[in-house]
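# Topology and contacts: notes
This is what each chain is made of:
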Amino acid sequence: DAKTTQPNSMESNEEEPVHLPCNHSTISGTDYIHWYRQLPSQGPEYVIHGLTSNVNNRMASLAIAEDRKSSTLILHRATLRDAAVYYCILRRGGSNYKLTFGKGTLLTVNP
Amino acid sequence: GAGVSQSPSNKVTEKGKDVELRCDPISGHTALYWYRQSLGQGLEFLIYFQGNSAPDKSGLPSDRFSAERTGGSVSTLTIQRTQQEDSAVYLCASSLAAGGFNEQYFGPGTRLTVT
């Protein structure tokens with residue numbers, strides 16, 4: 001799997017937007033960009049995924065650079081419950097079943 | 001609906017003993033995965049099941065580790081002759097099917113401590 005690079009940690013204030021970056025310069029054409037997050041003492045949970053176009057769902061938005069070498073997970077209004085480790089993961093379309101987790105970004109949300 | 005459940009939530013065992021960890025996936029999910037998260041480390045893939053068969057066991061750290069799945073549902077991860085380095089949180093996940101578009105739903109994990 002291609003490698004992703006994320007900042008070790010980020011900090012935000014409650015009710016402000018948060019932009020979590022991910023670099024994946026060796027991404028291949030069939031790699032999907034997935035984001036999962038892990039709240040304290042819980043298993044990871046799916047957040048969002050995309051291929052080329054920007055994506056929105058009830059949890060977040062995913063902005064993908066035109067050359068696909070980077071992407072940004074956007075939380076529009078951070079809440080205390082969003083404090084977690086966020087993982088950016090590349091998965092080859094179709095056959096790739098396992099998730100390869102890196103270190104992720106630890107997001108701290110200040111009240 | 002019910003999510004992925006794992007039992008026990010915590011297990012403390014003595015070095016050299018065998019342990020069994022159980023995973024109940026979401027009903028109807030054909031794919032099941034085991035991961036391990038050691039202190040200060042990321043999550044590492046252990047094994048994946050499609051139905052009752054395990055096409056990929058490449059992540060199992062040694063032959064002391066084995067897993068089975070029966071009835072296309074419950075899975076058990078067994079660690080024989082536990083060692084201190086086996087201490088970790090063992091996470092199970094399931095998905096509707098294997099493959100890149102199917103999100104994986106994780107259980108809360110079993111925290112294993114080997115003394």
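Here the structure is shown first, and the text comes after it.
Residue positions within a chain follow its written sequence, with the count starting from 1. Chains and ligands are labelled by the order in which they are written, letters from A for the one and numbers from 1 for the other. The model is predicted, so local features are restricted to residues of pLDDT at least 70 and side-chain atom pairs to those at 80 or more, both for listing and for counting; the totals for chains, interfaces and linings are taken over all residues. Hydrogens and water molecules were not included; the side-chain quantities draw on all heavy atoms of the structure.

## What about the interface of chain A and chain B?
Counting from both sides, the interface comprises 20 residues of chain A and, opposite them, 21 residues of chain B. Note on definitions: buried area is the accessible-area loss of two parts on being combined, 1.4 Å probe, summed for both. In total, chain A and chain B occlude about 1,600 Å² of area from one another, counting both sides; carbon and sulfur atoms represent 54% of this. Basic side-chain nitrogens of Lys or Arg form a salt bridge, by our definition, when they fall within 4 Å of a carboxyl oxygen of Asp or Glu. Counting every contact that joins chain A to chain B gives zero salt bridges. Nitrogen and oxygen atoms within 3.5 Å of one another constitute a polar contact, given that in protein one can donate a hydrogen and the other can accept it, and given that sequence-neighbouring residues count only through two side-chain atoms. Across the contact surface, chain A and chain B share four residue pairs in polar contact (both at pLDDT 80 or more). Only DSSP runs of H or I with at least four residues qualify as helices, and only runs of E with at least two residues qualify as strands; both kinds are numbered from the N terminus onward. Secondary structure elements with two or more residues in the side of chain A that touches chain B: strand E3 (31–38), strand E4 (45–50) and strand E8 (84–92) of chain A. Counting residues per element, the side of chain A that touches chain B draws most heavily on E3(A), at four residues. Should any heavy atoms of two residues lie within 4.5 Å, those residues are considered in contact.

## Considering the state of the cysteines
Residues and elements named next belong to chain A. Cysteine sulfur atoms that come within 2.5 Å of each other are treated as a disulfide pair. Using the criterion set out here, one finds two disulfides over all chains in the structure. What pairs with cysteine 22 in a disulfide is cysteine 88, and their sulfur atoms sit 2.1 Å apart. Sign of the S-S torsion, about -85° for the bond between cysteine 22 and cysteine 88, identifies this disulfide as left-handed. In this pair, cysteine 22 is assigned in strand E2 (residues 18–23) and cysteine 88 in strand E8, connecting sequence segments 66 residues apart.

## So, the pattern of salt bridges
Considering all chains together, one arrives at eight salt bridges over all chains under this definition. Where Glu45(A) meets Arg37(A), a salt bridge forms, and the shortest distance between an N and an O atom there is 2.7 Å. Its salt-bridge partner being Glu44(B), residue Arg36(B) comes within 2.9 Å of it at the nearest N-O pair. Among the residues examined, Arg36(B) registers a relative accessible area of 10% and is labelled buried. Classification of residues uses two cut-offs on accessible area relative to the type maximum, computed with a 1.4 Å probe and protein chains only: under 20% is buried, over 50% is exposed, and between them is partly exposed. Take Glu44(B): its relative accessible area is 31%, and that puts it in the partly exposed class. Salt bridges sharing partners connect three or more residues here, namely Arg37(A), Glu45(A) and Asp82(A).

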